[in-house]
Amino acid sequence: MFVFISIALLFLIALVMLILRLTRRDFGYHWLIAAGGAFVAWLMVLLAGINLPVSLQISALNLRTFPNLITLSADRFSWPFVLGLGTLILATLITDVVRAYDLDWTNWASSLIITAFGLIAVLSGNLLTFIFAWTAFDLIHVIILLLQLQSGSSRRRAVLVFFSRLLGTASLLIAGVISVSDNNIFLLERASANAIIFIVLAAGFRLLSMPADSPLHENPVKKRSLGTVMSLVSAAIVIAFLVRVAAALETVNISVNLWWVLIGLLGFISLLSAAAWLLAKDEIEGRHVWITGMAAIVLASALQAQPDASTAWGMAMLFSGGLIFLASVRVRFSLWITLVGLVGISTLPFTPAWNGLALFYPPFSLGMILYFAAIVLVVWGFSLHAVQIKSEPEGIERWIRIVYPFGLLIIPVVHIGWGLSFIPAIGEVPIIGWILGVVMCVLAFLGFFWQRRAGNIPRTFANRFNAFLDFSWFYSLLRILFDYASRFIFFLSSVLEGEGGILWVLLWIVLFLAIMLISLGA
């Protein structure tokens with residue numbers, strides 16, 4: 001039950017901060033309360049890992065189709081991401097101390113609330129819980145964004161992001177209806193082949209909304225702090241879901257041809273994203289392509305029914321990405337902390353991402369070359385961004401210089417510790433698992449040293465990749481659909497509010513009742 005206590009604690013700390021703001025406007029210790037609460041919640045998450053699995057079930061309907069309406073489950077699929085989100089919020093709040101004067105209590109309270117809803121979504125144990133959790137997270141996400149944003153264009157884009165995520169939720173609801181129709185059950189682990197297709201489509205809609213989070217934040221400091229939490233928590237929700245999809249695919253037969261087409265397309269997206277990550281001006285500019293590329297690798301692993309590989313790549317995205325995005329100060333004596341993040345994505349033997357090489361296990365296909373090249377570019381780009389020097393603010397106090405590195409160091413320490421506890425059975429690792437990671441790292445570091453010494457890649461390529469991978473074209477199409485939907489809703493509203501509105505309501509009620517009676521065979 002420790003993990004559920006940590007969720008309640010995050011909500012409670014945010015509420016306490018709100019009450020203090022309303023009652024004592026001159027209160028100056030909001031950061032200390034937020035960081036202290038996040039530390040206690042993180043300890044609860046660590047204790048939760050000792051006794052797994054743990055589940056919380058809320059039964060509200062006595063129906064065979066819905067034996068447990070709401071199910072939150074901390075197991076081997078969800079707990080790694082719970083650990084990742086708990087570590088991310090703690091590291092974010094600790095590292096915020098270096099620029100605390102540029103932030104306010106709303107930034108920290110919003111980060112706590114986003115993380116709490118993210119934990120609920122990650123812990124979802126069945127399709128119905130996923131639907132409720134996704135919808136709740138999307139609502140709080142768009143509300144916080146609208147409160148933070150000032151420009152009209154950013155607000156409109158935030159609404160379009162929310163609309164695209166609702167399309168994913170609708171696809172998941174369709175998958176649930178199909179699953180009930182085929183298997184008379186609403187569980188992801190027992191979903192039918194037809195339902196799995198809509199489940200993957202639901203994940204795809206949510207992944208398309210990921211690149212839109214980064215450009216929305218207008219304040220540069222909040223873009224690094226709250227923006228990182230929002231982006232990585234949103235991605236972690238989908239990736240934890242995909243890990244469960246990978247486990248479900250182990251028992252479901254899907255058309256192989258369809259799957260290989262999707263895997264090839266995802267390989268192309270991961271390669272473009274990795275190239276854009278390499279060419280980005282800095283890690284914050286490349287954050288959306290980092291998430292897109294790593295998510296594409298996770299989805300490809302899930303489609304090949306590799307839950308351990310999906311988990312490994314998801315944790316690499318969350319931990320190594322969180323480390324470099326939060327490292328706003330990098331002076332020479334602390335630069336090594338950011339470079340430790342390379343361990344988390346290197347795929348070398350006994351490193352956290354070693355399990356991720358299961359993506360390349362037989363049967364082989366030409367599409368795997370795309371993923372091989374993408375991972376090389378990801379490691380190469382991480383190295384380039386990690387060695388960039390970023391000066392600290394003027395007048396920083398000595399105690400902050402001590403606290404700040406610990407906030408960063410906790411991320412790779414937890415990641416490496418988790419990786420050591422999930423090392424695959426040595427005798428079951430094929431020879432490719434011992435060689436491939438070494439080859440990738442050698443190629444990545446050769447590229448790194450070439451670019452540092454003499455290489456120069458034109459920025460034109462980066463601009464073209466970003467133009468495609470920020471999915472502006474998708475949101476242009478979505479805006480057209482959104483406008484038509486708005487007009488239809490306005491039409492319905494005008495009809496219902498007119499003089500004959502009550503008659504239309506009665507007519508629709510009779511029509512729905514007639515359809516239900518016909519479907520029941522009455």
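Because the structure is predicted, anything quoted here is derived from the model rather than measured.

Concerning the overall build of the protein chain
When helices and strands are tallied, the protein chain shows 20 helices and 2 strands. The 522 residues of the protein chain split such that 56% are buried. Only carbon and sulfur atoms are counted for the fraction: they give 70% of the accessible area of the protein chain, which is about 22,900 Å².

As for the nonpolar core
Residues Leu112, Leu172, Phe241, Trp290, Met317, Phe360 and Tyr371 are the most contacted members of the largest nonpolar core, which totals 155 residues. At 19 residues, the largest contribution of residues to this core is made by helix 9 (residues 226-249). Leave out the neighbours within four places in its chain, and phenylalanine 360 touches Met368, Tyr371, Phe372, Ile375, Ile432, Leu436 and Met440.

Overview of the packing of helix 3 (residues 79-95) against helix 4 (residues 105-122)
In contact at an axis separation of 10 Å, helix 3 and helix 4 are set at 175° when each is read in the N-to-C sense. Relative to helix 4, the element helix 3 lies roughly antiparallel. Packed against helix 3, whose contacting residues are Phe81, Val82, Leu85, Ile89 and Leu93, the element helix 4 presents Trp108, Ser111, Leu112, Thr115, Gly118, Leu119 and Val122 at the interface.

Some remarks on the environment of valine 40
Within the secondary structure layout, valine 40 lies in helix 2 (residues 30-48). Given a relative accessible area of 37%, valine 40 falls into the partly exposed group. It is 9.4 Å that separates the C-alpha atoms of valine 40 and leucine 90, two residues lying 50 residues apart in sequence.

A look at a nonpolar patch on the surface
Among the surface-exposed residues, Leu348, Ile431, Ile435, Val438, Val439, Val442, Leu443 and Leu446 lie close enough to one another that they form a single nonpolar patch of about 660 Å² accessible area. Tracing the backbone through its elements, the reader meets isoleucine 435 in helix 17 (residues 431-453). Using a relative accessible area of 44% as the deciding quantity, one classes isoleucine 435 as partly exposed.

Details of the packing of helix 15 (residues 368-386) against helix 17
Packed helices, taken two at a time, are described by the angle their axes make and the gap between the axes. Interaxial distance between helix 15 and helix 17 falls to 8 Å at its minimum, and their mutual angle equals 45°. The angle between helix 15 and helix 17 places the two elements in the oblique class. Handedness of the crossing formed by helix 15 with helix 17: right-handed. In this structure, helix 15 contributes Phe372, Ile375, Val376, Val379, Trp380, Ser383 and Leu384 to the contact, and helix 17 contributes Leu436, Val439, Met440, Leu443, Ala444, Phe445, Gly447, Phe448, Trp450, Gln451 and Arg452.

Some remarks on the side chain of aspartate 96
Its location among the elements puts aspartate 96 in the loop between helix 3 and helix 4. This buried residue, aspartate 96, is left without a salt bridge; arginine 99 holds the nearest opposite charge, at 8.0 Å. Ignoring sequence-local partners within four residues, the contact set of aspartate 96 consists of Trp31, Leu103, Asn107, Trp108 and Ser225.

Here we look at the packing of aromatic side chains
Two measures describe an aromatic ring pair: the distance that separates the ring centres and the angle between the ring planes. Scanning the entire structure with this criterion turns up 16 aromatic pairs. Measuring from centroid to centroid gives 4.8 Å for phenylalanine 130 and phenylalanine 241, while their planes differ by 75°, and the two rings are edge-to-face. Pair noted here: phenylalanine 130 is in helix 5 (residues 127-148) and phenylalanine 241 is in helix 9, with a separation of 111 residues, a long-range link. Phenylalanine 241 matches phenylalanine 130 in its accessibility class, with the two residues each being buried. For the ring pair phenylalanine 448 and phenylalanine 449, a centre distance of 5.1 Å and an interplane angle of 70° mean the geometry is edge-to-face. Using a relative accessible area of 46% as the deciding quantity, one classes phenylalanine 449 as partly exposed. Members of the aromatic cluster, joined through ring pairs, are Trp277, Trp290, Phe325 and Phe382. The ring of tryptophan 134 carries the charged tip of arginine 206 above its face, separated from the ring centre by 4.4 Å.

Let's talk about helix 7 (residues 193-209)
With 17 residues, helix 7 should reach 24 Å at 1.5 Å per residue; the first-to-last C-alpha distance of 25 Å fits that figure. Residues Ala195, Ile196, Ile199, Val200, Ala202, Ala203, Phe205, Arg206, Leu207 and Ser209 constitute the buried set of helix 7.

Topic: the environment of alanine 246
The residue alanine 246 is located in helix 9 in this model. Separated by 55 residues in sequence, alanine 246 and serine 301 have C-alpha atoms that sit 7.5 Å apart. Aside from chain neighbours lying at most four places away, what touches alanine 246 is Ala302, Ala305, Gln306, Pro307 and Ser310.

Comments concerning helix 4
With 18 residues, helix 4 extends 26 Å between its outermost C-alpha atoms, agreeing within 8% with the 26 Å of an ideal straight helix rising 1.5 Å per residue. Most of helix 4 sits out of view: 15 of its 18 residues are buried.

Remarks on unusual backbone geometry
In the Ramachandran plot, alanine 305 falls in the positive-phi region, its phi being about 55° despite a non-glycine side chain. Residues other than glycine seldom take positive phi values, yet phenylalanine 350 does so here, at roughly 70°. Within the secondary structure, phenylalanine 350 is located in the loop between helix 14 (341-345) and helix 15.

Things to note about the environment of serine 110
Relative to the helices and strands, serine 110 resides in helix 4. When sequence neighbours within four positions are dropped, the list of residues in contact with serine 110 reads Ile144, Gln148 and Leu226.

Thoughts on the confidence of the model for the protein chain
Chain-level pLDDT for the protein chain is 80 on average; 78% of the residues reach the 70-or-more range. The least confident element of the protein chain is helix 18 (residues 459-469), whose mean pLDDT is 56; the most confident is helix 3, at 94. Segment residues 60-66 is flagged for pLDDT under 50; beyond a separation of four residues in sequence, or across chains, it makes 9 contacts in the model.

Rules behind the numbers
Residues numbered from 1 in each chain as written. Predicted model: local features only at pLDDT ≥ 70, side-chain atom pairs only at ≥ 80, totals over all residues. Heavy atoms only, no water. Helix = DSSP H or I, 4+ residues; strand = E, 2+ residues; numbered from the N terminus. Buried < 20%, exposed > 50% of the residue type's maximum accessible area, 1.4 Å probe, protein only. Areas by Shrake-Rupley, 256 points an atom, 1.4 Å probe, with all protein chains shown as cover. Core = buried A, V, L, I, M, F, W, Y, C linked by side-chain atoms within 4.5 Å. Contact = heavy atoms within 4.5 Å. Axes fitted to C-alpha atoms, helices over the stretch in contact; angles between N-to-C directions. Parallel < 35°, antiparallel > 145°, perpendicular 65-115°, else oblique. Patch = residues over 30% accessible without salt bridge, like charges linked within 9 Å, V, L, I, M, F, W, Y side chains within 5 Å. Salt bridge = Lys/Arg side-chain N within 4 Å of Asp/Glu carboxyl O. Left-handed = near helix turned anticlockwise from the far one by under 90°. Lys, Arg positive; Asp, Glu negative; His and termini not counted. Phe/Tyr/Trp six-rings, centres within 6.5 Å; stacked < 30°, edge-to-face > 60°. Lys NZ or Arg CZ within 6 Å of the ring centre and 35° of its normal. Expected span 1.5 Å × (residues − 1). pLDDT = per-residue confidence, 0-100.

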